[in-house]
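So you can see what is in the structure, the chains are spelled out below.
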Amino acid sequence: MTDSAVRVRFAPSPTGALHLGGVRTALLNWLYARHTGGRMILRIDDTDLARSSEVHLRQILDGFRWLGLTFDEGIEEGGPFGPYRQSQRLEIYRRHLDGLLHRGLAYPCYCSPEELKAAREAAQKAGETPRYPGTCRRLTAGERAALEATGRRPVYRLRVDLDRPVIVDDLVRGRVEFGPDQLDDFVIFKSDGWPTYHFATVVDDMEMGITHVIRAEEHLSNTPRHVVLFQMLGGQTPAFAHVPMILAPDRTKLSKRHGATSVEEFRELGFLPQALLNYCLLLGWSPGDEEEILSLDEAVKRFSIERIVKHAAVYDIHKLEWINGHYLRSLPVEQVWKHALPFFQKAGYVSSEPDEKEAAAALARFDAVRERVHTLVGVVDAVSYFYRPVTEYDAKGVRKHFQRPEVADLLEAARTTLETVESWDVSTLETTYRALIERRGIKGGELIHPTRLALTGRTVGPGLFDVMALLGREKTLERLAQAIRYLRTEAAAPTSPAGG
Ligand code: GLU
């Protein structure tokens, strides 16, 4: 389907990092834009000047760059409806406020916070829904001037006169009705001279020609105000789709105490952008079959708003790890290596500017282990023995593979044989080992398992001959010697191998 009229936006407030929920909202908008051939806009909702920061803005932009989600219009891309930062659009909001004031649809309100609080409490006491009592609705010009003269700075309220409910035909939630008593004369401009979230959002959605607002469910209760504003400003009301919450495994609101929640944190934990996007997709959208692995391209093809999930999604880190493991082992190795390299560098395994040889060696080691791990942090651990000496043998491995008295002699024989191998490659190493196994009349595992423990300190890992080839001749021979020494002096030093 191509409907190039579609215009959607993601409108984060740079008051915090980019979280899972934000990624999901952005992704659903992005997919809809890409699916329909429409436009995806990034607007920065930074009218809360005190809480907004450049640091968070950078984090958000970096997060999207890393995820690979692109925008057609935005603060970096520009576009015909800019500026795309609300803090730079004050004049536009003022113009619309003036228009409303001129038509008598908005008015200044001088009530102090204390007066409003008293009115709220009185309503609560009387068992009524607190609403603005309309004190300043009908002030004369003279009364206003007198209040101004006392130094009071007004907020501006919308004059809301509803005689019937506001209907929101939500594309996810269906028809939702809000009775007239649920809306009062709400504030559209604050006394600090800045518009409220409601006003800035509606003015921008209108000015920017937004056709579909796909956003978090927490904004559903704001939507009747937005609908009223669209009508009073004379704009086209967009379609709304409110996406259910993401809950923590204990079904409470997902927060920091449930572990990583921001894109930056997931990145540092070694998740791949492909996996995080795939996971966020499943948190917000159902492919309609059992499939769980969906590339972005496929998701673009299949996306529809109708399949946005209707019930709260429950966050499950194990699922994310599973998906990450999938992408880690199945994407082309160079594509994943780009993300893995910084982890190798941070661990000190690869220099900051590796030459081709160093990078190729590291990539080969990465490729050997990626099959078995779930995250890039797991990768760093899985390759550690290529870069660091073996200082410990897995205790269970020692009991299983180092206990028999002939192991030291076997490893000795292996070491002697390997010393004479001419070409240090996987197939020569394998042939050599198999021949030795045959000569000794033992089972393969009797030599292979102790060798693995000697070379890596572990009982699991990539194929042994791959390990040998990647470790190189020198380190392989050294570690065999180290294990032989350890086995022969085992009684004196039970678990830690001597030497480097
Ligand atoms: N800045 C708002 C938020 O971050 C945007 C809400 C909306 O999409 O209208 O929640």
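Data block above holds the structure.
Residues numbered from 1 in each chain as written. Predicted model: local features only at pLDDT ≥ 70, side-chain atom pairs only at ≥ 80, totals over all residues. Heavy atoms only, no water.

Asks: Describe the site of the ligand, listing the residues and the values that go with them.
Replies: Near the ligand, the surroundings consist of Arg9, Ala11, Ser13, Asp45, Tyr197, Thr201, Arg215 and His219. Residue Arg9 places a side-chain N or O atom 2.5 Å away from an oxygen atom belonging to the ligand. Alone, the ligand offers 300 Å² of accessible surface; in the complex the protein occludes 81% of this. Put simply, the ligand lies in the largest pocket. Looking at the shell around the ligand residue by residue, the classes come out as two nonpolar, three polar and three charged. (Near = heavy atom within 4 Å. Polar contact = N/O pair within 3.5 Å; in protein donor to acceptor, adjacent residues only side chain to side chain. Areas by Shrake-Rupley, 256 points an atom, 1.4 Å probe, with all protein chains shown as cover. 1 Å grid on protein atoms, 1.4 Å probe; cavity = no way out; pocket = protein on both sides within 12 Å on 5 of 7 lines; lining within 4 Å. Sits in = over half its atoms within 2 Å of the grid points. Nonpolar A, V, L, I, M, F, W, Y, C, P; charged D, E, K, R; others polar.)

Asks: Explain helix α11 (residues 317–330) to me, using residue names and the numbers behind them.
Replies: Between its first and last C-alpha, α11 extends 20 Å over 14 residues, near the 20 Å set by a 1.5 Å rise per residue. The set of residues buried in α11 consists of Leu320, Ile323, Asn324, Gly325, Tyr327 and Leu328. Buried residues along α11 sit in contact with α8 (263–268), α9 (273–284), α12 (333–346), α13 (356–369) and α14 (376–382). One side-chain oxygen of the residue at the start of α11 lies 3.0 Å from the amide nitrogen of His318, identifying that residue as Asp316. (Helix = DSSP H or I, 4+ residues; strand = E, 2+ residues; numbered from the N terminus. Expected span 1.5 Å × (residues − 1). Buried < 20%, exposed > 50% of the residue type's maximum accessible area, 1.4 Å probe, protein only. Contact = heavy atoms within 4.5 Å.)

Asks: Any details on the pattern of salt bridges? Residues and values, ideally.
Replies: If you walk through the whole model with that rule in mind, you get 33 salt bridges. The partner of Arg34 in a salt bridge is Asp72, and the shortest N-O contact between them spans 3.1 Å. Here Arg34 is found in helix α1 (residues 20–36), whereas its partner Asp72 is found in the loop between α2 (54–67) and α3 (90–102), with 38 residues between them in sequence. A relative accessible area of 23% places Arg34 in the partly exposed class. Asp367 is the partner of Arg370 in a salt bridge, and the nearest nitrogen-oxygen pair spans 2.8 Å. Here the salt bridges share partners, and the residues they tie into one network are Arg9, Arg43, Asp45, Arg89, Asp204 and Asp205. (Salt bridge = Lys/Arg side-chain N within 4 Å of Asp/Glu carboxyl O.)

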